[in-house]
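Each chain is listed here by its residues.
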Amino acid sequence: MPIQSIFPLFTTRCDSASNPPPPPLLPPPGGSKSGEAVSTPPPPPPAAESDKASAPPPPSPAAADDDIAKAAASVSSCPNPGPLEMATWDVRRLVSLDTYDGVRVDISKQLSPYFACVHSFHLGTTMLPDGKNCSYGFTTQMNDEEGFMMARVDPERGTVDGRIHKALLGGLAMGKLQLGLSSEGQSDQMLGELDIGAATWTANLKYGSMGGGNVFGCNYYQAVSPKLAMGGEGMYIGANGNMISSYTAKYSFDNGTEEATDAAPAPGPPEAPSYLAATYNAGQGMLSLNYKRAVTAQRVNIGASLECSPMTLESQVMLGAEFNLTRSKMNVCIDGSGRIQSVLETKLGREQGSPALNFAAELDHGKNVMKFGYGLNIGS
């Protein structure tokens, strides 16, 4: 029986111009019979013109690209080169080692998250003046988010050395103060510095008193390209009236050993890139060439330094290498005179603050000098 005979349909007339469509016919409870068509729901009515006007247009891809281009243009591709004094620090660390003889012991204690003290002993050594064979020093250091303060007292020599570093202008500049006081008062010195910099350059201003006269100095270091940096330094020493100037150029390059690998990077800070640097000291007439290469990132580093005088043709060459292992580090260097230096440092535990054992040796065949020593660093 057709459903229309059971449920009659009632229709009404509306004043609206667009009448809503009638509801669809429901199929019989037993399903549709063969030959009978089943009506489908009509499509939704078209949206009104007012609804179309109120919808905001989608953002234009060109506008988003312009914003990204403006942000990229405001960032320079030249990185900050860092302080001029640290331009060749990696090479100097590799070719000139801190060797000693006798026994050296450093005991450090972290008294608070911001304060620490160190007791330093040096026994059985021939490196001290006035024929002394032992020394003791006490060092304190306080750190916070804006800088640090350090003081060292040597009771044997009657000297006090101090350093203060403080961030200024919200971190835009760094103020430094270095003091050196003695019981005699003849070798007292004071030096104040101001480090400033921006995205692609750094500068330093110095003023102080050394050797009984005033000292003035300044330097500037600029990144010319992503791999080339150039700078210069000038200083006036009032004690002898000397004017010292030097000029530095440093070119960094890739190691050329990068390979696609899934291995995790080695722990620690990122390795400094390989570079070639040249420094000319106009006051002394000395030219220094420095080369550093990371053979294996954070594992094997080599360095070479050549110092020569273009006027007298005197020169000196130094070579050094560093090998970083899991819990130990080995440094070896040799110079043109045949002097060999080596330092071996190893950790006695895996935990942070574990003691470290050091062995140092120096052989100078030209002067027939041999020095051997070992040290122990204990800290918490």
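The structure under discussion appears in the preceding block.
Everything numeric in this text was worked out from a predicted model, so none of it was measured.

What counts, and where the lines are drawn
Residues numbered from 1 in each chain as written. Predicted model: local features only at pLDDT ≥ 70, side-chain atom pairs only at ≥ 80, totals over all residues. Heavy atoms only, no water. Helix = DSSP H or I, 4+ residues; strand = E, 2+ residues; numbered from the N terminus. Buried < 20%, exposed > 50% of the residue type's maximum accessible area, 1.4 Å probe, protein only. Contact = heavy atoms within 4.5 Å. Areas by Shrake-Rupley, 256 points an atom, 1.4 Å probe, with all protein chains shown as cover. Patch = residues over 30% accessible without salt bridge, like charges linked within 9 Å, V, L, I, M, F, W, Y side chains within 5 Å. Salt bridge = Lys/Arg side-chain N within 4 Å of Asp/Glu carboxyl O. Phe/Tyr/Trp six-rings, centres within 6.5 Å; stacked < 30°, edge-to-face > 60°. Lys NZ or Arg CZ within 6 Å of the ring centre and 35° of its normal. Pairing = 2+ DSSP bridges.

**Student:** Looking at this model, I keep getting lost on the overall build of the protein chain. Mind explaining?
**Tutor:** When its secondary structure is counted, the protein chain shows three helices and 19 strands. The buried share of the protein chain, taken over its 380 residues, is 25%. Within the protein chain, counting contacts between residues at least 6 apart in sequence, those at least 24 apart form 32% of the total. As displayed, the protein chain offers around 25300 Å² of accessible surface, 62% of which is attributable to carbon and sulfur atoms.

**Student:** Quick question: what am I supposed to make of the environment of Ala 294 here?
**Tutor:** Mapping Ala 294 onto the fold places it in strand S13 (residues 286-296). Look at Ala 294 and you get buried, because its relative accessible area is 1%. Along the primary structure Ala 294 and Asp 254 are separated by 40 residues, whereas in three dimensions their C-alpha atoms are 9.3 Å apart.

**Student:** Honestly, a nonpolar patch on the surface in this entry has me stumped. Any pointers?
**Tutor:** A surface patch of nonpolar side chains, amounting to about 770 Å² of accessible area, comprises Tyr 114, Met 142, Met 149, Val 153, Val 160, Ile 164, Leu 177, Leu 179, Leu 181 and Met 190. Elements with a minimum of two residues in the nonpolar patch: strand S4 (147-154), strand S5 (159-168) and strand S6 (173-182).

**Student:** Looking at this model, I keep getting lost on the pattern of salt bridges. Mind explaining?
**Tutor:** If charged atoms from side chains of opposite charge come close, those side chains can pair. With the rule as written, the count across this model stands at nine salt bridges. Taking the shortest distance from any N to any O, the salt bridge between Lys 371 and Glu 362 comes out at 3.5 Å. The pair Lys 371 / Glu 362 is uniform in exposure class, with both members buried. Residues participating in the shared-partner salt-bridge network are Asp 335, Arg 339, Glu 362 and Lys 371.

**Student:** Honestly, the packing of aromatic side chains in this entry has me stumped. Any pointers?
**Tutor:** Aromatic ring pairs are described here by two measures, namely the spacing of the ring centres and the angle between the planes. In total, this model carries six aromatic pairs according to the counting rule given. Between Phe 253 and Tyr 291 the ring centres are 6.3 Å apart and the planes differ by 20°, which places this aromatic pair in the stacked class. Placement of Phe 253 in strand S11 (residues 242-253) and of Tyr 291 in strand S13 is noted, with a sequence separation of 38 residues between them. Through successive ring pairs, a cluster of aromatic residues spans Tyr 207, Phe 216 and Tyr 236. Against the face of Tyr 100 rests Arg 104, its NZ or CZ located 4.1 Å from the ring centre.

**Student:** Where do I start with the environment of Met 330 in this structure?
**Tutor:** Structurally, the position occupied by Met 330 is in strand S16 (residues 328-335). For Met 330, a relative accessible area of 29% puts it in the partly exposed group. Separated by 28 residues in sequence, Met 330 and Asn 358 place their C-alpha atoms 9.9 Å apart. Not counting residues up to four positions away in its chain, the partners in contact with Met 330 are Ala 321, Glu 322, Phe 323, Ser 342, Val 343 and Leu 344.

**Student:** Please clarify how the pairing of strand S18 (residues 356-364) should be interpreted in this entry.
**Tutor:** Look at any regular strand and the pattern is simple: side chains alternate between the two faces of the sheet. Relative to S18, strand S17 (residues 339-347) runs antiparallel, the two being bridged by nine bridges. Note on S18: the bridge partner recorded for Leu 344 is Phe 359. In this sheet, strand S19 (residues 369-378) lies alongside S18 in antiparallel orientation, the contact comprising nine bridges. When the bridges of S19 are listed, Leu 357 appears paired with Leu 376. Connecting S18 to the antiparallel partner S19 that follows it, the hairpin turn spans four residues, and Asn 368 within it adopts a positive phi of roughly 55°.

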